[in-house]
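Given next are the chains, with one letter for each unit.
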Amino acid sequence: MKATQSFSLGRVALLARKHYTENRQSYLIYVGIYLLFMAYSLWRALEPELPSMAAFESSLLFVSLVTPILAAKYSFSNYYQTGKQVEAFTLPATTGEKFLFATLNTLL
């Protein structure tokens, strides 16, 4: 069996390093939007005139449902966007390593 056909967590870590260095700015923007959204919902929950935990709970529910979907779309986008497919499919990693990285990125 060739070395490129065996599974290696080291290559998964290298995939993560490559992905995060290339997409650092996008992830910082997403985290900033997430924090602003959470701060707004917390402000709505602690508003002195009309405090509402329902607003905070609904925003938490929205974030917990939408965030994993967007993360999965962003993690797997290299494999279905035409311009990025050549680079994604020619990386020296097995399909299992690429799938494991995208799955872990979505879950974390």
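These remarks concern the structure in this document. For clarity, every value in this text was computed on a predicted model and none was experimentally measured. (Residues numbered from 1 in each chain as written. Predicted model: local features only at pLDDT ≥ 70, side-chain atom pairs only at ≥ 80, totals over all residues. Heavy atoms only, no water.)

1. Some thoughts on helix α1 (residues 9-22)
Using the following cut-off: Numbered from the N terminus, helices here are DSSP runs of H or I no shorter than four residues, and strands are runs of E no shorter than two. The length a helix should cover is 1.5 Å for every residue beyond the first. For each residue, the accessible area found with a 1.4 Å probe, counting protein chains only, is set against the maximum for its type, and the residue is called buried under 20%, exposed over 50%, and partly exposed in between. An arc is given here, and it is the one of the directions from the helix axis to the C-beta atoms. In this description, contact between two residues means that some pair of their heavy atoms is separated by no more than 4.5 Å. Pairing of N or O atoms within 3.5 Å defines a polar contact, subject to two protein rules: one partner must be a possible hydrogen donor and the other a possible acceptor, and residues neighboring in sequence count only if both atoms are side-chain atoms.
The end-to-end C-alpha separation of α1 is 20 Å, in line with the 20 Å expected for 14 residues at 1.5 Å each. Residues of α1 that are buried: Arg11, Val12, Leu15, Ala16 and His19. Looking down the long axis of α1, one finds its buried residues gathered within 145° of arc, a one-sided arrangement. Those residues of α1 that are exposed and angled more than 90 degrees off the buried face are Leu14 and Arg17. Buried residues in α1 make contact with α2 (24-45), α3 (53-76) and α5 (95-107). Put simply, Ser8 is the residue that caps the front of α1, since its side-chain oxygen is 3.2 Å from the backbone nitrogen of Gly10.

2. Some words on the packing of aromatic side chains
Selection rule: Under the pairing criterion, centres of Phe, Tyr and Trp rings, with the six-membered ring standing for Trp, must be within 6.5 Å; the plane angle then separates stacked pairs below 30 degrees from edge-to-face pairs above 60, leaving the rest tilted.
Inspection of every chain in the model, using the stated rule, returns 4 aromatic pairs. Seen in terms of ring centroids, Tyr20 and Tyr27 are 5.4 Å apart; in terms of plane orientation they differ by 70°. Their pairing is edge-to-face. Given a relative accessible area of 22%, Tyr27 falls into the partly exposed group. Geometrically, the ring pair formed by Tyr40 and Trp43 is tilted, given 5.9 Å between the ring centres and 35° between the ring planes. Here Tyr40 and its partner Trp43 are both found in helix α2, 3 residues apart, which amounts to about one turn of the helix.

3. So, the packing of α1 against α5
This is how the line gets drawn: The angle between two axes is taken between their N-to-C directions and runs from 0 to 180 degrees, where each axis is a line fitted to C-alpha atoms and a helix contributes only its stretch in contact. By the definition adopted for this analysis, an angle is roughly parallel if under 35 degrees, roughly antiparallel if over 145, roughly perpendicular if from 65 to 115, and oblique otherwise. In a left-handed crossing the near helix is turned counterclockwise from the far helix by less than a right angle, and in a right-handed crossing that turn is clockwise. Each residue is assigned to one of three groups, with Ala, Val, Leu, Ile, Met, Phe, Trp, Tyr, Cys and Pro labelled nonpolar, Asp, Glu, Lys and Arg labelled charged, and all others, Gly among them, labelled polar.
Close contact between α1 and α5 brings their axes to 9 Å; oriented N to C, the two are set at 55°. Comparing the axis directions of α1 and α5 gives the class oblique. Regarding α1 and α5, the two cross each other, and that crossing is right-handed. The segment α1 lies against α5, with Leu9, Arg11, Val12, Leu15, Ala16, His19 and Tyr20 engaging Glu97, Lys98, Leu100, Phe101 and Asn105. In terms of residue class, the contact of α1 with α5 is built from 7 nonpolar, 2 polar and 3 charged.

Without other data, these values stay purely geometric and don't point to any function.
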